[in-house]
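# Analysis of the macromolecular model
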Amino acid sequence: MFQKADNNALWAIGLSLALFFIGGILTTVVPPLVDTTWAKPFENHDPAKGITGKVVPLTDLQKKGRAIYVREGCWYCHTQQIRTLLADTKRYGWRGVDAPISTPDEFVYDDPHMFGTKRTGPDLARVGGKYDEQWHKTHFRNPRDLVKGSVMPPYPWIANDPAEFKAMVAYLQNLGRGKDWRPANDYEK
Amino acid sequence: MQAQFSKAEVASAPEGAVVHDDATAKWFLISSVAYFFIVGIIAVIIAAKFVWPDLMGTMSWLTYGRLRPLHVNGMLFGWLLAADMGLAYYVIPRLCGVKLWSEKLGLATAILWNVIILGAVVTLLAGLNQGWEYAELPWYLDILVVVAWIMFGVNILMTVASRKHQAMYVTIWYTMGCILWTAFVYLTGNFATLFATGTNQANLNWMYVHNAVGLIFTPIGLAIAYYFIPRASSTPLHSHKLSMVGFWSLAFVYVWTGAHHMLHGPISQWLQTISIAFSVMLLIPVWAVVYNLFATMKGQWHQLRESVPLRFLMSGVVFYLLTCFQGPMHSLRTVNAIVSKTDWIPGHAHMAVLGCFSFFAIAGTYFVMPKIFGKALHSEAMANWSYWLLMVGGLGFFVTLWLGGFWQGWQWNNWSIPFIDTVIALRPIWLVRFVSGVMMFAGIVLFAYNILATALGDDERAAA
């Protein structure tokens, strides 16, 4: 079979595509068919079944903020996934509450997905409600005014543009809120 | 084998020999070397931004988030893929014993490719970013990439179809494999993702990102190594059978591994396990290739002292072995819990794309350009310096980031250490990375200048 591909170009092409498509189809087309939680938004109102909450589509303002997040490449340095590692749930928890693990059903409305690959800065999957608006304003103007030693670039063109800043904060404050993981009165606006 | 000559050497060509025009190869190589230099400047700037975070920080289009995609796309598509395509335009006609099917089509492809890269510079700096890694370019440029790739593919495949020698050397399979797999991998990463969201989209995105390296740069890179290592050392390839093992196992194994980019993440555990199993199996194609190329050099290693291209090639093979040992190891859940998302990963990625595949492309360019122009290389000493600068700078870059990244991952797993302390801890690492980056850039400058001076110089000595 493989010997024939030595002399016959069409045979070589057919064989290499056939081998490629076995793995290609089984790992891209099949998984979402098998695992339906990839497409079903998270919703649970029964505390007995675990953490409650509901994932809803973003508002127009949040979408605008998200577009800025994509445009500025925030996702090159910030991931949005609490992994199945104790260190992730502890580190990204807040005021003594562990951050819940991120599950595929929380990201059904994410397009483009913002899972990210690199943590030059901290993970943002559960950042919603941790810091107030004034904190974000100062931080976007110059991150080092609030966090000494930070290497995040300053974003004055966001902080100084009221429309962009409002959208950005609206998006950030909503991150990770599909799951009600902290006391309701504990979220900053 | 029939004697073959470049157009520049036509005076010395005997009657009946195939004379290659090489215009397409020439233009692809020259533009790719130019992008290597230009994007190298961007690379040094973003390395500097880690050391001086306020550097050029008040202009939106010079911020890290805009320059990084330009660096990645510019190096991958402007330099490396274009150089690889240029070398394919040179190598494939020679292995087939015929002229390139159409130089006109080839030149049109070169022009279109440059339009795409210039479009990428403008759109990425303007912040028109689709939000997917390696697939940042807007859809209208994606379509042009597909068109250019079809033009490249048709030209190469038609050349293969009209070949004089029936048996196809391993370089031809790898090039054909690259053309076909790239087509589907690129469509998945840039178009199929448009119809998916969330985890499903991420899975398609990672299939593309992983296979951009595994089924685009790996096969075309190995195609080049398989041609130039025997050619530059005048030694026949060790084993044809072993090269078949490497090729067919690559074809089967590589595509399964995309989900290893999301280990421990929000994606099904069973899919993570499949990706881990196949990542470990990657050792088969890699070791088959590496053994074959090492065995080819048996008794010939002394040639590395004399030949800069050969030295780049064999260093690339060593980096290939190392990168592809790291890859399967990272995919093990325990190792991944430490190194994933840290600075280890850019260390690993740069060893693959710079240390291995760019070294192959640089070697090919050094080897081919003097022949295409019918001149001697402008300066052997300068070529030697470019090797050592890239080698020492590269090692400085890779090794410090591995150490730093491992340390960083170790600290992250102790959640009593505040995140910012793990950032501050890495500052010396980033300073060393910047200095290494400057050395690498100096190597690129010498390489680019040497090639340009060879092309433009009036030295008419025939190449050895």
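Residues numbered from 1 in each chain as written. Chains lettered and ligands numbered in written order. Predicted model: local features only at pLDDT ≥ 70, side-chain atom pairs only at ≥ 80, totals over all residues. Heavy atoms only, no water.

### Quick word on the overall build of chain A
Rule in force here: A run of DSSP states H or I qualifies as a helix once it reaches four residues; a run of E qualifies as a strand once it reaches two. Both are numbered from the N-terminal end. Here's how the labels work: a residue is buried when its accessible area is under 20% of the maximum for its type, exposed when over 50%, partly exposed in between, all with a 1.4 Å probe on protein chains only. Just so you know, the count uses Lys and Arg for positive and Asp and Glu for negative, and it drops His and the chain ends. We put the charge of a Lys on NZ, of an Arg on CZ, of an Asp on CG and of a Glu on CD.
Counting secondary structure elements, chain A contains eight helices and two strands. Listed by position from the N terminus, the elements making up chain A come as α-α-β-β-α-α-α-α-α-α. Seen through its principal axes, chain A has C-alpha atoms that stretch 70 × 45 × 35 Å. Relative to its full complement of 189 residues, chain A shows a buried share of 57%. For chain A, the distance from the average position of its 25 positive side-chain charges to the average position of its 21 negative side-chain charges is 3 Å.

### Structural notes on the packing of helix H1 (residues 23–51) of chain B against helix H13 (residues 344–373) of chain B
Residue and element names in this part refer to chain B. Here is the rule we go by: What counts as an axis is a line fitted to C-alpha atoms, over the stretch in contact for a helix, and the angles between N-to-C directions run from 0 to 180 degrees. Any angle between 65 and 115 degrees counts as roughly perpendicular, while under 35 counts as roughly parallel, over 145 as roughly antiparallel, and the rest as oblique. Left-handed is the label given to a crossing in which the near helix is rotated counterclockwise from the far helix by less than a right angle, and right-handed is the label when the rotation is clockwise. Contact between two residues is taken to exist if any of their heavy atoms lie within 4.5 Å; hydrogens are not considered. As a working rule, the residues Ala, Val, Leu, Ile, Met, Phe, Trp, Tyr, Cys and Pro are called nonpolar, Asp, Glu, Lys and Arg charged, and the rest polar, with Gly in that last group.
Viewed as axis vectors pointing N to C, H1 and H13 meet at an angle of 135 degrees, and their least axial separation amounts to 11 Å. Relative to H13, H1 is oriented oblique. The handedness of the crossing between H1 and H13 is left-handed. Every residue of H13 that contacts H1 at Ala 25, Lys 26, Leu 29, Ile 30, Val 33 and Phe 36 is listed here: Leu 354, Ile 362, Thr 365, Val 368, Met 369, Ile 372 and Phe 373. Looking at side-chain class alone, the contact of H1 with H13 contains eleven nonpolar, one polar and one charged residues.

### Notes on the interface of chain A and chain B
What counts here: Computed with a 1.4 Å rolling probe, the buried area is the accessible surface lost when two parts are put together, summed over both parts. By salt bridge we mean one thing: a side-chain nitrogen of Lys or Arg within 4 Å of a carboxyl oxygen of Asp or Glu.
Contacts between chain A and chain B engage 74 residues on the former and 85 residues on the latter. Each partner contributes to the roughly 6,700 Å² buried at the junction of chain A and chain B, and carbon and sulfur atoms together form 65% of this total. On the chain A side of the contact with chain B, A:Phe20, A:Tyr76 and A:Arg91 bury the most area, a combined 12% of that side's loss. Remark: the boundary between chain A and chain B carries three salt bridges. Its salt-bridge partner being B:Arg66, residue A:Glu72 comes within 2.9 Å of it at the nearest N-O pair. Secondary-structure elements contributing two or more residues to the side of chain A that touches chain B are helix H1 (9–28), helix H2 (30–34), helix H3 (60–71), helix H4 (86–91) and helix H7 (156–159) of chain A. At 15 residues, the largest contribution of residues to the side of chain A that touches chain B is made by H1(A). The residue makeup of the side of chain A that touches chain B, split by class, is 39 nonpolar, 22 polar and 13 charged.

### Points about the environment of B:Gly457
Residue and element names in this part refer to chain B. One can find Gly 457 in the segment after helix H16 (427–456). Distance in space between the C-alpha atoms of Gly 457 and Ala 376 is 9.9 Å, their sequence separation being 81 residues. With residues near it in sequence (within four places) discarded, Gly 457 still touches Lys 375 and Leu 452.

### Thoughts on the nonpolar core
Residue and element names in this part refer to chain B. The criterion, for reference: Only buried residues count toward a nonpolar core. Its members are Ala, Val, Leu, Ile, Met, Phe, Trp, Tyr and Cys residues joined through side-chain atoms within 4.5 Å.
Counting residues in hydrophobic clusters, the biggest one holds 207 residues, and the most contacted among them are Trp 79 and Trp 113. No other element matches helix H2 (residues 64–96), which puts 21 residues into this core. Every residue in contact with Trp 113, bar those within four places of it in the chain, is listed here: Phe 28, Phe 77, Leu 81, Ala 82, Met 85 and Ala 148.

### Some thoughts on the domain arrangement of chain B
Residue and element names in this part refer to chain B. The condition is simple: Boundary definitions for the domains trace back to an automatic or database domain assignment. Polar contact is defined as a pair of N or O atoms within 3.5 Å, subject to the rule that within protein one atom must be able to donate a hydrogen and the other to accept it, and that residues adjacent in sequence are counted only when both atoms are side-chain atoms.
Taken domain by domain, chain B consists of domain 1 (1–10 + 22–166), domain 2 (168–367) and domain 3 (392–457). At the boundary of domain 2 with domain 3, total buried surface from both sides reaches about 1,600 Å², with 76% on carbon and sulfur atoms. Put simply, domain 2 and domain 3 have zero salt bridges between them. One can count three residue pairs in polar contact (both at pLDDT 80 or more) joining domain 2 with domain 3. Looking at the side of domain 2 that touches domain 3, the elements with two or more residues in it are helix H11 (308–330), helix H12 (333–339) and H13.

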